[in-house]
Each structure stands twice: as C-alpha cells, then as structure tokens.
Amino acid sequence: GCAMGKVGTEVAKEAADVILTDDNFATIVSAVEEGRRIYDNILKVIQFLLSSNVGEVVVLFLATLLAPAFESWFGIDIKLIQVLLPIHILWINLVTDSLPALALAFDPANIDIMNRKPIKKNEGIFTKGRTFRIIYQGVMIGLLTLAGFIIGIATTHEPIGGLSLEESRVEVGQTMAFMVLAFSELVHVFNIRDNKNSVFKTGIFGNRILILAVLASALLMGVILVVPALRHIFSIPVLPMGNLLEVLGLVIAPLVIVEIMKLAKVNTAKDE
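Residues numbered from 1 in each chain as written. Predicted model: local features only at pLDDT ≥ 70, side-chain atom pairs only at ≥ 80, totals over all residues. Heavy atoms only, no water.

Peer 1: Please provide a residue-by-residue account of the overall build of the protein, values included.
Peer 2: Helices and strands together make up the secondary structure of the protein, namely ten helices and two strands. Relative to the globule expectation of 19 Å for 272 residues, the C-alpha radius of gyration of the protein, 23 Å, shows a markedly less compact shape. By principal-axis analysis of the C-alpha atoms, the protein measures approximately 85 × 35 × 30 Å. The buried share of the protein, reckoned over its 272 residues, is 43%. Of the roughly 14,100 Å² that the protein leaves accessible, carbon and sulfur atoms contribute 70%. Each charge class in the protein can be summarised by its mean position, and for the 22 positive and 25 negative side chains these summaries are 9 Å apart. (Helix = DSSP H or I, 4+ residues; strand = E, 2+ residues; numbered from the N terminus. Rg over C-alpha atoms; globule rule 2.2 N^0.38 Å. Buried < 20%, exposed > 50% of the residue type's maximum accessible area, 1.4 Å probe, protein only. Areas by Shrake-Rupley, 256 points an atom, 1.4 Å probe, with all protein chains shown as cover. Lys, Arg positive; Asp, Glu negative; His and termini not counted. Charge placed at Lys NZ, Arg CZ, Asp CG, Glu CD.)

Peer 1: Tell me about the packing of helix α2 (residues 26–74) against helix α5 (residues 128–155), and name the residues and values.
Peer 2: Their axes nearest at 6 Å, the elements α2 and α5 cross at an angle of 40°. In terms of their interaxial angle, α2 and α5 are classed as oblique. Here the hand of the crossing between α2 and α5 comes out right-handed. For the contact of α2 with α5, the per-class residue count stands at 20 nonpolar, seven polar and two charged. (Axes fitted to C-alpha atoms, helices over the stretch in contact; angles between N-to-C directions. Parallel < 35°, antiparallel > 145°, perpendicular 65-115°, else oblique. Left-handed = near helix turned anticlockwise from the far one by under 90°. Nonpolar A, V, L, I, M, F, W, Y, C, P; charged D, E, K, R; others polar.)

Peer 1: Can you lay out the nonpolar core for me, pointing to particular residues and giving the numbers?
Peer 2: Core analysis: the largest hydrophobic core is formed by 40 residues, its most contacted members being Val83, Leu84, Trp91, Phe149, Phe178, Met221 and Ile224. Where this core is concerned, the elements lending two or more residues are α2, α3 (86–96), α5, α6 (165–192), α8 (208–226) and α10 (241–263). With nine residues, the single largest contributor to this core is α6. Residues within four places of phenylalanine 178 in sequence aside, it is in contact with Leu84, His88, Trp91, Ile92, Met221, Ile224, Phe234 and Ile236. Counting 15 residues, the second-largest nonpolar core is a separate cluster that includes Ala101, Phe190, Val214 and Leu255. (Core = buried A, V, L, I, M, F, W, Y, C linked by side-chain atoms within 4.5 Å. Contact = heavy atoms within 4.5 Å.)

What follows is the structure in structure tokens.
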C-alpha cells in the first residue's frame, strides 16, 4: 500500500510499502521510470565492459593459436609474434574502457522504457539475448583486431626505425591491432545505448557526457600516437596512409555489423 508523507498518519506510514513524500501519486510513475533507467544503464555498462574484454581475450587466444601459422605464412620468427603488448592492454583497460563506461551511467531513458512489462524479481542479468550479444560483439571486436594485426604484418615490406624487417612487420601489426581495438571500442559504445533501435534513431548526441568521454579517450589515444617519446614507450611506429585508411575501415566496422544485426532482429531476443 501507499501512504502520504505529509498528511498521512504515522500508523499508515508504518504499514505502507511506499511513502509518497510529496503526496503525489504521479511521483510513482516518475520513480519507476528512473529506476528502469538506472537498471538499463547498469546493464549497458556490463555489456560494454564484458564485450570489450571478451574481444581482448579472443584476439589474444586466436593470435596464440595461429602463431605457428603466422610464422609459416609470413616468415616471422614465432618468438616475435605478439599481437598486443602488456602496456597496450593496460592502456585500453584503464583509459579506453573506463571513461565511456562511466559515461554510460548518465544515459537518458530509452524511448520505450515505460512500455515494457515489469522485470521479474528473480530474473538474472545474463539472459539468453544479453549473453548472445556480449559474446558475438566480443568476438566481432576480437576478429577485427586480429585482422588489423594480420594486415599490418602482411603489408609491411621495408624495415623502419633501425629495426629488422621482421621486427618492423610485427610492430606495424601491433600498432594497427592496438588502434583498431581502442578506437573500435569507442565506436562500439554507441551501439550499446540501445540494443533494438538503430543508433541513428536513438541519436548519437543524446548523451553529452558520453560524447565528452569518447572525445577525451580519443584525444589521449591521439597523444600517444603523435608524441615521439610516448610512441617509443608504446612501441608505435608512424603508419603509412594506406594502413591508416585500413584502420579506419576496421574501426567503423562494429557500427555497421551491429546495425545489420539490429535490422535483422537477430540480437533482440526477448530478454527484458
């Protein structure tokens, strides 16, 4: 039952499940909407972080399995083959993932938030639909990152920076993989905002804090890609224009792939 916070008696307040401090029943609707928004945003953060981490696990796992094949295909010593350096992974986890994830907490409510049925109190977070999205989006990011690494070592034909040709090919591949992983996650965060409707329908600029977080993360990435001292620390060479265009294509790919999945209604299984 509900009790009025201002005019209600103490007995009514003690017996009630809900106390309306402003004596307005319309407040219940606003409270339900806000509660659903907070719950949705928690799920968005979980989906973004887990899909990003699954992507990192996938690319490292596949690169380890395929290392003998890379040695055979590209003539690179298997000891040199390392798709990402530890400092790359640390940077992505601390900077690229954290700022957009925090900004997702401020996402406004989805358009249809009050048209949904109430969530069962015993329903878990990892429903079939949500688990499927986390897995396929993580695999998507991992494969795109691995593709960047393969393209980098396959298109480098001259040594750079006093390194041997083998070392140069690996460094270019690592740099492309690092850039694809970092920037694709910044693009992918906009997919997370609504799992059913297109990002162009929900509006890219609906969350200003998210825009600022993505720009800040991209700016920090740009700094380590431009400043020579930081490039040396992260083992990042200057990439040719052709490789940069390839990175751009791989970075945009998550937006295209998830939009196709939304259009096909594959990842919108009943999970709310």
